[in-house]
Amino acid sequence: MTIRDDHALAADLANEAGERLLRIRERMGYGDAAALRAEGDRASHVYLMESLGRLRPSDSVLSEEATREERLDPRRLSAERVWIVDPLDGTREFSERLTEDEEVGRADWAVHVALWERGRLAAGAVALPAQGRTLTTAEPPKPPAFEKGRFRIAVSRTRPPEFVRKLAYLVGADLVPIGSAGAKISAVLTGEVEAYVHAGGQYEWDSAAPVAVAQVAGAHASRIDGSELTYNQADPSLPDILVSLPELATSLLAGIRDLHR
């Protein structure tokens, strides 16, 4: 087993799960959004768990769709290798049309597959199936250089934190609503926005894969107080995050500190 093998496996699994989700959405349509969300979550989780169980049988797995008992399994905390997966990041967006009058689905949802190994994120992939692309640690995108001036911060479509509105005013930025966490962080890496700030509560599976890619790509990724993002914890809650182009990290962290005084 090599590091390259893990990179490739993460990408292959995220891609295939994404293709399956596209087929489910095409087959079921948007008439029953709750049923579509449930089937997407279930089918992608089953595929990823079965695949990892077959291809990496000695590794542990932490999945958003796991049962509470599975998440609390103490063997995960003593394991050297743990796959952290979100089978469908952005379930709401997966089940929604782009507009009410057409059968075109939203594209801001993702599949996350990451590998944590001996205290750090070692590999990861974020599939954006409806966008036709996958970001991976094997071939990470190169974030564009920041040119001085106003910049863009990705925020939640439905519940942007009030402090991010204040932060945007303070640092001279515009807010861009995007769906899933994976889609937001990917947007930083592909040049659609320059930063993503969130403090409304998340879990490890919401960010592990996109943060793995962001770190290899050279972007800044941390808690909003500047501390390190840590994974495979007993409590998988990871409530806040900042991902940005490296040139903006200092000013964003300073702005956040000012707002929290």
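Residues numbered from 1 in each chain as written. Predicted model: local features only at pLDDT ≥ 70, side-chain atom pairs only at ≥ 80, totals over all residues. Heavy atoms only, no water.

1. With respect to the overall build of the protein
Along the backbone of the protein there are 9 helices and 10 strands. Whereas a compact globule of 261 residues would reach a radius of gyration of roughly 18 Å, the protein reaches 18 Å, a difference of no more than 12%. Taken over the C-alpha atoms alone, the protein extends approximately 50 × 50 × 35 Å along its principal axes. Of all 261 residues assigned to the protein, the portion counted as buried reaches 52%. Sequence separation of at least 24 residues holds for 66% of the intrachain contacts in the protein that already meet a minimum separation of 6. Counting every atom, the protein has about 12,000 Å² of accessible surface; 47% of that belongs to carbon and sulfur. The protein carries 32 positive and 41 negative side-chain charges, and their two centres are separated by 2 Å. (Helix = DSSP H or I, 4+ residues; strand = E, 2+ residues; numbered from the N terminus. Rg over C-alpha atoms; globule rule 2.2 N^0.38 Å. Buried < 20%, exposed > 50% of the residue type's maximum accessible area, 1.4 Å probe, protein only. Contact = heavy atoms within 4.5 Å. Areas by Shrake-Rupley, 256 points an atom, 1.4 Å probe, with all protein chains shown as cover. Lys, Arg positive; Asp, Glu negative; His and termini not counted. Charge placed at Lys NZ, Arg CZ, Asp CG, Glu CD.)

2. Things to note about the pairing of strand S3 (residues 110-117)
Burial runs high along S3: 8 of the 8 residues are buried. Side chains Ala110, His112, Ala114 and Trp116 of S3 all project onto a buried face; the interleaved residues Val111, Val113, Leu115 and Glu117 project onto the opposite face, where all are buried too. Sheet topology places strand S2 (residues 81-89) next to S3; 7 bridges connect them, and they run antiparallel. Residue Trp83 lies in a different strand from S3, and its bridge partner there is Leu115. Note that S3 and strand S4 (residues 120-128) share 7 bridges and pair antiparallel. Among the inter-strand pairings, Trp116 is bridged to a residue of S4, identified as Leu121. Hairpin connection from S3 to S4: 2 residues lie between these consecutive antiparallel strands, with Arg118 at a positive phi of about 50 degrees. (Pairing = 2+ DSSP bridges.)

3. Let's talk about the sheet that holds S3
With respect to topology, 5 strands assemble into an open sheet ordered S1-S2-S3-S4-S5, the strand pairing being mixed. Edge positions in the sheet fall to strand S1 (60-63) and strand S5 (133-136), since each of these pairs with one other strand and no more. If you compare each strand with its neighbour and ignore which way they point, the axes differ by 15 degrees on average. In this sheet, S2 lies alongside S1 in parallel orientation, the contact comprising 4 bridges. Residue pairing in the sheet places Ser63 in a bridge with Val85 of S2. Its contacts with the sheet put helix H2 (residues 33-55) on S1, S2 and S3, and the angle it makes with S2 is roughly 155 degrees. (Axes fitted to C-alpha atoms, helices over the stretch in contact; angles between N-to-C directions.)

4. Structural notes on the environment of Glu39
Structurally, Glu39 is set in helix H2. In this structure the C-alpha to C-alpha distance between Glu39 and Lys142, which are 103 residues apart in sequence, comes to 35 Å. In this structure the side chain of Glu39 is engaged in a polar contact, spanning 2.9 Å, whose partner is the side chain of Arg42. (Polar contact = N/O pair within 3.5 Å; in protein donor to acceptor, adjacent residues only side chain to side chain.)

5. A few points about helix H9 (residues 249-259)
Taken together, the buried positions of H9 are occupied by Ala249, Leu252, Leu253, Gly255 and Ile256. Burial along H9 is one-sided: seen end-on, the buried residues are contained in an arc of 160 degrees. Elements that come into contact with the buried residues of H9 comprise strand S6 (151-156), helix H6 (162-171), strand S8 (195-198), strand S9 (220-222) and strand S10 (241-244). (Arc of directions from axis to C-beta.)

6. Regarding the packing of aromatic side chains
Enumeration according to the criterion identifies 3 aromatic pairs in this entry. Where Phe94 meets Trp109, the ring centres are 5.0 Å apart and the plane angle is 75 degrees; that geometry is what we call edge-to-face. Of this pair, Phe94 sits in helix H5 (residues 91-94) while Trp109 sits in the loop between H5 and S3, and the two are 15 residues apart along the sequence. Residue Phe94 is classed as buried on the basis of its relative accessible area of 0%. Consider the rings of Tyr203 and Trp205, whose centres lie 5.1 Å apart with planes at 15 degrees: the pair is stacked. Look at Tyr203 and you get partly exposed, because its relative accessible area is 39%. A relative accessible area of 3% means that Trp205 is categorised as buried. (Phe/Tyr/Trp six-rings, centres within 6.5 Å; stacked < 30°, edge-to-face > 60°.)

7. Here we look at the environment of Leu135
Here Leu135 is to be found in strand S5. A C-alpha to C-alpha distance of 27 Å links Leu135 and Pro161, two positions 26 residues apart in sequence. Contact partners of Leu135, with chain neighbours within four places excluded, come to Gly124, Ala125, Val126, Pro141, Ser186, Leu189, Thr190 and Val213.

8. Notes on the pattern of salt bridges
Oppositely charged side chains are able to pair whenever their charged atoms sit close together. Inspection of the entire model under this criterion finds 18 salt bridges. Of the charged contacts in the structure, one is a salt bridge between Arg56 and Asp6, with a shortest N-O distance of 3.2 Å. In this pair, Arg56 sits in the loop between H2 and S1 while Asp6 sits in helix H1 (residues 3-28), placing the two residues 50 residues apart along the sequence. Just as Arg56 is buried, Asp6 falls in that class too. One salt bridge in this structure joins Arg157 and Glu93, with 2.8 Å as the shortest N-O distance. Here Glu93 lies in helix H5 and Arg157 lies in the loop between S6 and H6, a separation of 64 residues in the sequence. Relative accessible area serves as the criterion here: at 29%, Arg157 is assigned to the partly exposed category. Since its relative accessible area comes to 7%, Glu93 is described here as buried. A network of salt bridges, in which partner residues are shared, links Asp6, Arg56, Asp59, Glu80, Arg81, Glu117 and Arg118. (Salt bridge = Lys/Arg side-chain N within 4 Å of Asp/Glu carboxyl O.)

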